[in-house]
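Observations on the three-dimensional arrangement
The residues making up each chain are set out below.
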Amino acid sequence: MTKKLIEFIRLNQTIKTIIDDKSLSLEPLFQFRLLGILKKLEPHITNFEIIRNEKIREYGTASEDGALSIPASDTEAMEKFNAAISQMLDGEITVDIEPFAAADVFAQGINAECLLGLYEIMEQ
């Protein structure tokens, strides 16, 4: 499955939300497959975070307590940071994800917002 990195980041967050929702009683096989997808996405998410943090160090300034950030008032630094991040987020990557049958997803009792987040990995 080939998608933009931003789409996989959103999918990763949706799956984490589902896994962490203690009110759900996910079927073990369904939960197993979700965890497998998280593992497949992990290197891409980690690489993104490493590069994002490098760019914050490159364009940001340290506060009195040592925390790095890019001040909104520094428009040049913010534009450079956003350009670098946007280029990564818009880049396409391929991850081997076997789609779920829609009926299997709907049977889990997942809320509508998360269902929308999983739409990309449901059989059409």
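Here the structure is shown first, and the text comes after it.
The structure reproduced in this document is the subject of the present report. Since this is a predicted model, take the numbers as computed values, not measurements.

**As for the nonpolar core**
Counting 33 residues, the largest nonpolar core has Leu 11, Leu 34, Ile 110 and Leu 118 as the members making the most contacts within it. Contributions of two or more residues to this core are made by helix H1 (5-20), helix H2 (28-59), helix H3 (75-89) and helix H5 (112-118). The element that contributes the greatest number of residues to this core is H2, accounting for 8 residues.

**Considering the pattern of salt bridges**
Per the counting criterion, the structure on display carries 4 salt bridges. In this structure, the salt-bridge partner of Glu 120 is Lys 3, at a minimum N-O distance of 2.8 Å. Of this pair, Glu 120 sits in the segment after H5 while Lys 3 is found in strand S1 (residues 2-4), placing the two residues 117 residues apart along the sequence.

**Observations regarding a negative patch on the surface**
On the surface, a cluster of negative charge is made up of Glu 27, Asp 96, Glu 98, Asp 104 and Glu 123. With respect to the element layout, Glu 27 can be found in the loop between H1 and H2.

**A closer look at the environment of Ile 93**
Inspection of the secondary structure assignment puts Ile 93 in strand S4 (residues 92-94). Judged by relative accessible area, which is 18%, Ile 93 ranks as buried. Measuring from C-alpha to C-alpha, the distance between Ile 93 and His 44 comes to 8.5 Å, with 49 residues separating the pair along the chain. Apart from residues no more than four positions distant in its own chain, Ile 93 is found in contact with Met 1, Thr 2, Lys 3, Leu 5, Phe 8 and His 44.

How each quantity is defined
- In this numbering scheme, every chain counts its residues from 1 along its sequence in written order.
- Predicted model: local features are reported for residues with pLDDT of at least 70 only, side-chain atom pairs are reported and counted for 80 or more only, and whole-chain, interface and lining totals are derived from all residues.
- Neither water nor hydrogens contribute to the side-chain values; these are computed over all heavy atoms in the structure.
- Working definition of a nonpolar core: buried Ala, Val, Leu, Ile, Met, Phe, Trp, Tyr and Cys residues. They are joined through side-chain atoms within 4.5 Å.
- Relative accessibility thresholds used throughout: buried, under 20% of the residue-type maximum; exposed, over 50%; partly exposed, between the two (1.4 Å probe, protein chains only).
- Only DSSP runs of H or I with at least four residues qualify as helices, and only runs of E with at least two residues qualify as strands; both kinds are numbered from the N terminus onward.
- Salt-bridge detection follows one rule: a side-chain nitrogen of Lys or Arg within 4 Å of a carboxyl oxygen of Asp or Glu.
- Like charges are joined within 9 Å and nonpolar side chains (Val, Leu, Ile, Met, Phe, Trp, Tyr) within 5 Å, but only among residues with over 30% relative accessible area and no salt bridge; these make up the patches.
- The Shrake-Rupley method, run with a 1.4 Å probe sphere, supplies the accessible areas, and residue values consider only the shown protein chains as cover.
- Charged residues are defined here as Lys and Arg on the positive side and Asp and Glu on the negative side; His and the ends of the chain fall outside this count.
- Think of each charge as sitting on NZ of Lys, CZ of Arg, CG of Asp or CD of Glu.
- By the convention used here, residues are in contact when the closest approach between their heavy atoms is within 4.5 Å.

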